[in-house]
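# An overview of the molecular structure
Below, each chain spelled out in residue letters.
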Amino acid sequence: MRIETTRSAVAVRLEHAVGYYSSDAELLAQLVPLALAGLERGEPVALALRPRTLRAVYAELGRATGFVELSSPTGPDGASGQTVAARWALEVRELTSVTGGPVVVLSEHISALDGADGGFWTELDAAVNVALTDLPVQMTCFFPELPLHLEILDGARRNHPSLLVAGRLLHNTQHRCPRDVLAMRPAPAPTLLGPPDVRMTFSAWQLHEVRSAVGEALHTAGYGRTRAEDLVLAVNEVATNAVEHGAPEAELAIWTSIGGGVVCEIHDRGALTDPLPGLQAPHPADPRGRGVWIARQLCDSLHVWADRWGTHVRMHASP
């Protein structure tokens, strides 16, 4: 699946830094001044922190009106860094549209999301660098000095242009562009779901059958008309990409018995040329590169990954 994406030049406004801590006390000592400085400037402060850290920050600063809590990455879609980054970008974009100014974002490592090797954090920060690149955001991500997986530190060094050291931002010479990072460390495959309830192979001439199969599964699962139309459109956009830019034939798999709603996957044997498709809105004048971006807006989660069998896209939308 050669997923088409917009490559128009975008002014980088995101300031993305990493800080390290050896204890909760040291973490709080770095977080609080950043949050307080943002509040004093009249900027929203968006938080993606553990509940314990949130309580500690609120104990120090109170529940100021400038605080906003970003969606938790610990939900059913937490295993997809792409999905979390896309969701955060939507939430932060709404904040900037309301205030018209910068936003401070403070995030923290959550060990429960490490997975087998900590690759989630590498994927998340790489995706953040794409999804938030054009937004006036000062984002600082905090990681323990000694995490369980070395990959967490390696990814943090490669994904952040700046280092927070003793309250000062320093240039990070190990920083790499997000697509280079994921070329070295591809996005992980999501959890295996077992045999699908529906499986079908299709070509470009059978996209109507794909739409019919998805629509029927959603109707059986009790989806309302509007929500069903959203997911049918999302799957159609991805399926069209698969057979137009990937291989002549692709495969649709549908799970209807998964908790939380219907899950659809598109598989093809094409190569994935962009590891982070659909995280930036295409330019209005660009006629291409809209499919995956549209699908991300319509789904609760959309995860793209590649392996020796080709390219895969998993989509989920709750009723």
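Details of the structure are given in the entry above.
Everything in this summary refers to the structure shown in the same document. (Residues numbered from 1 in each chain as written. Predicted model: local features only at pLDDT ≥ 70, side-chain atom pairs only at ≥ 80, totals over all residues. Heavy atoms only, no water.)

## Some points on the overall build of the protein chain
Within the protein chain, the secondary structure is distributed over nine helices and twelve strands. C-alpha extents for the protein chain along the principal axes are approximately 60 × 40 × 40 Å. Taken across its 319 residues, the protein chain has 53% of its residues classed as buried. The long-range fraction of contacts in the protein chain, counting pairs at least 24 apart against all pairs at least 6 apart in sequence, stands at 72%. (Helix = DSSP H or I, 4+ residues; strand = E, 2+ residues; numbered from the N terminus. Buried < 20%, exposed > 50% of the residue type's maximum accessible area, 1.4 Å probe, protein only. Contact = heavy atoms within 4.5 Å.)

## Section: the sheet that holds strand 1 (residues 15-21)
Within the open sheet, the seven strands sit side by side as 3-2-4-5-1-6-7. Their pairing is mixed. Taken across any chain shown, the strands that pair with only one partner, and hence form the sheet edges, are strand 3 (67-69) and strand 7 (168-171). Strand-to-strand twist of the sheet, defined as the mean angle between neighbouring strand axes without regard to direction, takes the value 25 degrees. As judged from the three bridges shared by strand 2 (residues 45-48) and strand 3, these two strands associate in the parallel manner. Bridging from a neighbouring strand, Val45 pairs with Phe67 of strand 3. Running at roughly 165 degrees to strand 4 (residues 103-108), helix 1 (residues 24-40) makes contact with strand 1, strand 2, strand 3, strand 4, strand 5 (137-144) and strand 6 (162-165) of the sheet. Packed onto the sheet, helix 2 (residues 51-61) meets strand 2, strand 3 and strand 4 and runs at close to 170 degrees relative to strand 3. (Pairing = 2+ DSSP bridges. Axes fitted to C-alpha atoms, helices over the stretch in contact; angles between N-to-C directions.)

## Notes on the environment of Glu251
Mapped onto the secondary structure, Glu251 falls in strand 9 (residues 250-255). Of the residues examined, Glu251 reaches a relative accessible area of 23% and is grouped as partly exposed. Every residue in contact with Glu251, bar those within four places of it in the chain, is listed here: Arg199, Met200, Thr201, Phe202, Glu265, Ile266 and His267. At 2.8 Å, the side chain of Glu251 and the side chain of Arg199 are in polar contact. (Polar contact = N/O pair within 3.5 Å; in protein donor to acceptor, adjacent residues only side chain to side chain.)

## Here we look at the pattern of salt bridges
Applying the stated rule across the entire model yields 15 salt bridges. For the salt bridge of Arg179 with Asp274, the shortest nitrogen-to-oxygen distance reads 2.8 Å. Residue Arg179 is found in helix 6 (residues 178-184), and its partner Asp274 is found in the loop between strand 10 (262-268) and helix 9 (291-298); the two are separated by 95 residues along the sequence. Put simply, Glu251 and Arg199 hold a salt bridge, and the shortest N to O gap is 2.8 Å. Of this pair, Glu251 sits in strand 9 while Arg199 sits in strand 8 (residues 198-202), and the two are 52 residues apart along the sequence. Each of the salt bridges in this network shares a partner with another, and the network as a whole consists of Asp24, Arg50, Arg52 and Glu108. (Salt bridge = Lys/Arg side-chain N within 4 Å of Asp/Glu carboxyl O.)

## As for the packing of helix 3 (residues 81-99) against helix 4 (residues 119-131)
Two elements in contact, helix 3 and helix 4, have axes whose closest approach is 8 Å; the angle formed by their N-to-C orientations is 35 degrees. Note that helix 3 runs across helix 4; the crossing there is right-handed. Residue-level inspection shows Gly81, Gln82, Val84, Ala85, Trp88, Ala89 and Arg93 of helix 3 in contact with helix 4, the latter providing Phe120, Glu123, Leu124, Ala127, Val128 and Ala131. Taken together, the residues that form the contact of helix 3 with helix 4 break down as nine nonpolar, two polar and two charged. (Left-handed = near helix turned anticlockwise from the far one by under 90°. Nonpolar A, V, L, I, M, F, W, Y, C, P; charged D, E, K, R; others polar.)

## What about the packing of aromatic side chains?
Taken as a whole, this structure holds three aromatic pairs when the rule is applied. When the centroid spacing of 5.0 Å and the interplanar angle of 85 degrees are considered together, the rings of Phe120 and Trp121 count as edge-to-face. Across this residue pair, the class does not change: Phe120 and Trp121 are buried. Measuring from ring centre to ring centre gives 6.0 Å for Trp121 and Phe143, while their planes differ by 90 degrees; the resulting arrangement is edge-to-face. Of the two residues, Trp121 sits in helix 4 while Phe143 sits in strand 5, which places them 22 residues apart along the sequence. The same class applies to Trp121 and to Phe143, which are both buried. Each residue in the set Phe120, Trp121 and Phe143 is aromatic and connected to the rest through ring pairs, giving one cluster. (Phe/Tyr/Trp six-rings, centres within 6.5 Å; stacked < 30°, edge-to-face > 60°.)

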